[in-house]
Amino acid sequence: MKKYVVAVVGASGAVGEEIFKVLEEQDFPIKKIVPLASSRSAGNEIEAFGKTHKILETTHEVFAQEGVEIAFFSAGGRVSAEFAPSAAKAGAVVIDNTSHFRMDNDVPLVVPEVNASDIALWKQKGIIANPNCSTIQMVQVLAPLHRAFEIQRVDVSTYQAVSGAGKKGMEELVVQMQKFFAFELEECEPEAFAHRIALNLIPHIDVFMPNDYTKEEIKMIQESNKILHSDFALSATCVRVPVLRSHSEAITIHFAKEVMASEAAAILAQAPNVIVVDKPEENLYPMPILASDTDETYVGRIRNDLYDKKILHLWCVADQIRVGAATNAVRIAQKWIALKD
């Protein structure tokens with residue numbers, strides 16, 4: 001099997017670190033690792049594949065100099081906008097974890113379990129976009145149900161962990177909880193979030209748009225229809241919660257025809273990388289502590305609406321650093337290799 005020179009831009013960040021872990025776990029065919037970051041982190045070292053690797057500065061020239069063939073970008077939209085085209089020009093396939101290229105008509109937006117065939121469009125710009133973390137787990141659930149029963153509308157409320165804001169988000173929650181137990185919580189000034197996150201919920205992720213939806217909510221709406229090649233109505237309310245890891249979603253789905261909850265559960269049980277945990281009589285349902293550090297999307301509380309048999313309600317949870325970012329990115333790379341070969 002051919003082995004590849006793989007770069008990770010944002011190597012010192014939470015998603016970058018997770019990409020290295022997933023690459024190791026998946027026994028990805030690595031010829032050489034090229035960790036990249038800003039000039040501030042250049043010179044630091046990371047551990048991967050049993051070796052120590054020095055972080056290099058992200059420059060326009062480094063991709064060609066290092067012979068990079070696959071480049072994972074997880075360092076923010078501005079970095080991707082500036083350097084991803086240079087990586088593609090150097091001959092690498094770029095798998096971008098930021099929002100910058102997601103709605104570009106010439107860039108495929110991919111969740112391999114849903115629309116792997118779209119990867120074939122990568123040659124248009126040399127870039128494949130990784131969707132928003134909340135979008136990924138939702139479309140993994142919606143896709144098999146849409147094929148079976150034809151979705152007409154979706155309403156989703158998210159309960160998003162602080163790790164969605166990176167290391168600074170996790171650190172802020174931990175510090176604030178420590179302050180709470182020291183009776184010093186009122187002294188905490190929020191930095192990563194608009195308000196204190198400890199013992200609180202914040203219905204505000206990313207910036208507010210002129211239509212009063214947040215950018216995070218608009219991402220879920222637009223990205224879902226692009227991935228599913230659909231045009232059904234969708235609304236989202238995204239909420240930050242004081243959980244360290246794994247996003248949860250309460251989803252209401254309107255179908256074109258009547259659907260039994262048991263039928264939907266049976267279909268979801270066969271969906272790739274989806275695990276149904278739905279035994280309320282035994283207090284078994286998806287939770288962040290179940291999903292964290294796993295590569296699956298967990299679904300439960302699948303039930304019919306009390307008033308309309310064309311409506312289902314369900315609950316899904318996934319580790320957004322893995323399923324919602326690193327694992328999805330690595331799965332895209334694996335599918336790209338299979339397609340290329």
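Before going into details, it helps to say that this report is about the structure given with it. (Residues numbered from 1 in each chain as written. Predicted model: local features only at pLDDT ≥ 70, side-chain atom pairs only at ≥ 80, totals over all residues. Heavy atoms only, no water.)

1. Describing the environment of Asp-231
Step number 1: Relative to the helices and strands, Asp-231 resides in the loop between α7 (215-228) and β10 (233-240).
Step number 2: The exposed category is assigned to Asp-231, whose relative accessible area is 74%.
Step number 3: As a C-alpha pair, Asp-231 and Ile-151 span 80 residues in sequence and 9.6 Å in three-dimensional space. (Helix = DSSP H or I, 4+ residues; strand = E, 2+ residues; numbered from the N terminus. Buried < 20%, exposed > 50% of the residue type's maximum accessible area, 1.4 Å probe, protein only.)

2. Quick notes on helix α1 (residues 14-25)
Step number 1: The terminal C-alpha atoms of α1 lie 17 Å apart, and with 12 residues this matches the ideal 16 Å at 1.5 Å per residue to within 8%.
Step number 2: Here α1 has its buried residues at Ala-14, Gly-16, Glu-18, Ile-19, Phe-20, Val-22 and Leu-23.
Step number 3: Structurally, α1 contributes buried residues whose contacts are with β1 (4-9), β2 (30-37), β3 (45-48), β6 (70-73), α6 (167-181) and α10 (322-340).
Step number 4: Of the residues flanking the end of α1, it is Asp-27, one or two places downstream, whose phi is positive at about 50°. (Expected span 1.5 Å × (residues − 1). Contact = heavy atoms within 4.5 Å.)

3. Focus on the sheet that holds β6
Step number 1: A sheet is described by the order of its strands in space; here six strands give the open sequence β5-β2-β1-β6-β7-β8, paired in parallel fashion. Both outer strands of the open sheet, β5 (56-57) and β8 (127-129), are each paired with one neighbouring strand and no more.
Step number 2: Where β6 lies against strand β7 (residues 93-96), four bridges are found, and the strand directions are parallel. In the sheet register, Ala-71 faces β7, and the bridge partner there is Val-94.
Step number 3: Together, β1, β6, β7 and β8 form the strand contacts of α10, whose direction differs from that of β6 by roughly 160°. (Pairing = 2+ DSSP bridges. Axes fitted to C-alpha atoms, helices over the stretch in contact; angles between N-to-C directions.)

4. Notes on the pairing of strand β11 (residues 247-255)
Step number 1: Extensive coverage of β11 is indicated by the burial of seven of its nine residues.
Step number 2: Where strand β9 (residues 151-160) lies against β11, eight bridges are found, and the strand directions are antiparallel. Paired with Ser-157 across the two strands is Ala-250, which belongs to β11.
Step number 3: Here β11 runs beside strand β14 (residues 311-318); their pairing, made up of eight bridges, is antiparallel. Looking at the pairing, His-254 lines up with Ile-311 of β14.

5. Some thoughts on the environment of Ile-251
Step number 1: Position of Ile-251 relative to the elements: it lies in strand β11.
Step number 2: Ile-251 sits 94 residues away from Ser-157 along the chain, and the two C-alpha atoms are 6.6 Å apart.
Step number 3: Contact partners of Ile-251, with chain neighbours within four places excluded, come to Met-138, Leu-142, Val-154, Asp-155, Val-156, Leu-312, His-313, Leu-314 and Cys-316.

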